[in-house]
Amino acid sequence: MNEVYLGRLPILDSKQNLVAFELLFRSEQQDTVTVTNNSAASANVIIDTYGQLGIENVIGKRRGFIKVDAQLLMNDAICMLPKKHVVLEILRNVEINDEIIHRCSFLKQKGYQLALSNIVQLNKQLSHLMPLINVVKVNVNALSQNALINLVKELRHWPVLLLAEKVENRETARRCVALNFQMLQGFYFAKPEIISGKRIDPSKLSLLKLLLLVVKDSGVTDIENELKYQPGLSYNLLRMVNSAAGGLPSKINSIKRAIMILGRKQLQRWIQILLYAAKQRDGSTSDALMQTAAARGKLLEFIAAADRPHDKNHQDRAFMVGVLSLLDTLLGVEMPKLVETLSIQKDMSEALLARRGYLGRQLQLIEAHEKGEFDKVSAILSEIGFLSITEFTAMELEAAAWANRISDTVNQSE
């Protein structure tokens, strides 16, 4: 199998819950911007990747959008992809002719969902294909407000879902929701802007206090007392510890004992993940942020383990940096304030504030990967020198699978 890069961009619903991913595939030889290289070989890259890694590891229970050109669309290998899990996203440069329409009709009958990519206007050819389409991805960045309104009106003639792509800021997101787009996608959701002076949600404030107590090695009694003010958290903690410690002779019903059994490092991780899981009343990117933050933390920990296999402390710090890297977005508080509040070690604060040092560079690697900037990924991997593309991809998928499991567990306990 060729060495493969795999990136995932989150797709959210109108309430900013994570509902799907766009999957980005490149072989090492492919540094072009397009996903496929106009060759049937690209089909094999995707099929081999799925075969080796398993769809559930890549996207969990959500759907994955895969961009396809005319040759990949016509290739029989595409029918090996699981129809329940993928959406075939037809690239804008595909010439819509009778052959393509016939092929799309066949795939639709087979149970595949079809999407149109990067749409800015409808023409006669696209109109012929529209009855077979499930999702239309509109490039909202390339349209004026009036042009966007007119395009949306035209698209309402068909029972399609509308997905706004290239959503780069809060105002564009609001405008698309107002126009009844069902889904949104763009780098805005990977790293939303910070609103200075935003009030922290009380449930998140309590979790942040807990995190401070754990990070600063406070006594078990102090941690227990803080947990007692939050019955929901206490219940969640006891439930988690009891399910994880199934081999113990009796059920754990003491918060203090649960803390002792779980241990400080695991308690810290649980609190960090719960920070992202805490729902905001106004609807937020919490779900997507939790997935991204959890995957970042685990992937950074894997990289740290490859770098320093015997330094558990370094690995724990790496996990914390990965998870905390989106906390400013979640809480609406500037990162310098958070770093100051948490009083963390210098290498961690440099990584979070300036992406400097070992951990900072590795965090840059992960952020470039999330955005599908594969040239940058390749450059940083060459620079750090101890990790191959294949090893990094395997780590990313393992981290993604772990984040999917965490998300499912948290959502089940709500």
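See the structure above.
For the structure given in this document, a descriptive report is provided here. (Residues numbered from 1 in each chain as written. Predicted model: local features only at pLDDT ≥ 70, side-chain atom pairs only at ≥ 80, totals over all residues. Heavy atoms only, no water.)

1. What about the overall build of the protein?
- Assigned secondary structure in the protein consists of 20 helices and 8 strands.
- For the protein, the residues scored as buried account for 55% of the 414 residues in total.
- Taking the contacts inside the protein whose residues are at least 6 apart along the sequence as the reference set, 65% of them involve residues at least 24 apart.
- Here the protein displays about 18,600 Å² of accessible surface, and carbon together with sulfur accounts for 50% of that area. (Helix = DSSP H or I, 4+ residues; strand = E, 2+ residues; numbered from the N terminus. Buried < 20%, exposed > 50% of the residue type's maximum accessible area, 1.4 Å probe, protein only. Contact = heavy atoms within 4.5 Å. Areas by Shrake-Rupley, 256 points an atom, 1.4 Å probe, with all protein chains shown as cover.)

2. Looking at the packing of helix 9 (residues 220–228) against helix 11 (residues 255–262)
- Relative orientation of the contacting elements helix 9 and helix 11 amounts to 120°, with a least axis distance of 9 Å. Classified by the interaxial angle, the pair formed by helix 9 and helix 11 is oblique. Relative to helix 11, helix 9 is oriented so that their crossing is right-handed. Between helix 9, through Val220, Thr221, Ile223, Glu224, Leu227 and Lys228, and helix 11, the contact on the second element is made entirely by Ile255, Lys256, Ile259 and Met260.
- Each residue belonging to the contact of helix 9 with helix 11 can be placed in one class, and the counts come to 6 nonpolar, 1 polar and 3 charged. (Axes fitted to C-alpha atoms, helices over the stretch in contact; angles between N-to-C directions. Parallel < 35°, antiparallel > 145°, perpendicular 65-115°, else oblique. Left-handed = near helix turned anticlockwise from the far one by under 90°. Nonpolar A, V, L, I, M, F, W, Y, C, P; charged D, E, K, R; others polar.)

3. Observations concerning the packing of helix 18 (residues 357–370) against helix 19 (residues 374–384)
- In the contact formed by helix 18 and helix 19, the axes pass within 8 Å of each other and the chain directions differ by 155°. With respect to helix 19, the element helix 18 is oriented roughly antiparallel. The handedness of the crossing between helix 18 and helix 19 is left-handed. On helix 19, the residues touching Arg361, Gln364, Leu365, Ala368 and His369 of helix 18 are Phe374, Lys376, Val377, Ile380, Leu381, Glu383 and Ile384.
- Considering only residue class, the contact of helix 18 with helix 19 consists of 7 nonpolar, 2 polar and 3 charged.

4. Re helix 6 (residues 145–155)
- Of the residues making up helix 6, those classed as buried are Leu148, Leu151, Val152 and Leu155. Axial view of helix 6: buried residues confined to an arc of 100°, hence all on one face. Exposed and facing more than 90 degrees away from the buried side of helix 6 are Asn146 and Lys153.
- Buried residues in helix 6 make contact with strand 5 (113–119), strand 6 (135–139), strand 7 (161–165) and helix 7 (170–178). (Arc of directions from axis to C-beta.)

5. A few points about the pairing of strand 3 (residues 63–68)
- When you tally the buried positions in strand 3, you get 5 out of 6 residues, the bulk of the element.
- Two elements, strand 3 and strand 4 (residues 86–90), share 5 bridges in a ladder whose sense is parallel. Each bridged residue has a counterpart across the sheet, and for phenylalanine 65 the counterpart in strand 4 is valine 87. (Pairing = 2+ DSSP bridges.)

6. Observations concerning the pattern of salt bridges
- Evaluation of the coordinates by the stated rule reveals 16 salt bridges.
- When the shortest N-O distance is used, the salt bridge between lysine 137 and glutamate 22 registers 2.7 Å. Here lysine 137, found in strand 6, pairs with glutamate 22, found in strand 2 (residues 18–27); they are 115 residues apart in sequence, far enough to count as distant. By the burial criterion, lysine 137 is buried, and glutamate 22 matches it.
- Ionic pairing is found between arginine 103 and aspartate 76, a salt bridge with its closest N-O pair at 3.8 Å. Note that arginine 103 is positioned in helix 4 (residues 98–109) and aspartate 76 in the loop between helix 3 (70–74) and strand 4, a separation of 27 residues in sequence. (Salt bridge = Lys/Arg side-chain N within 4 Å of Asp/Glu carboxyl O.)

Any link to function would need more than the numbers given here.
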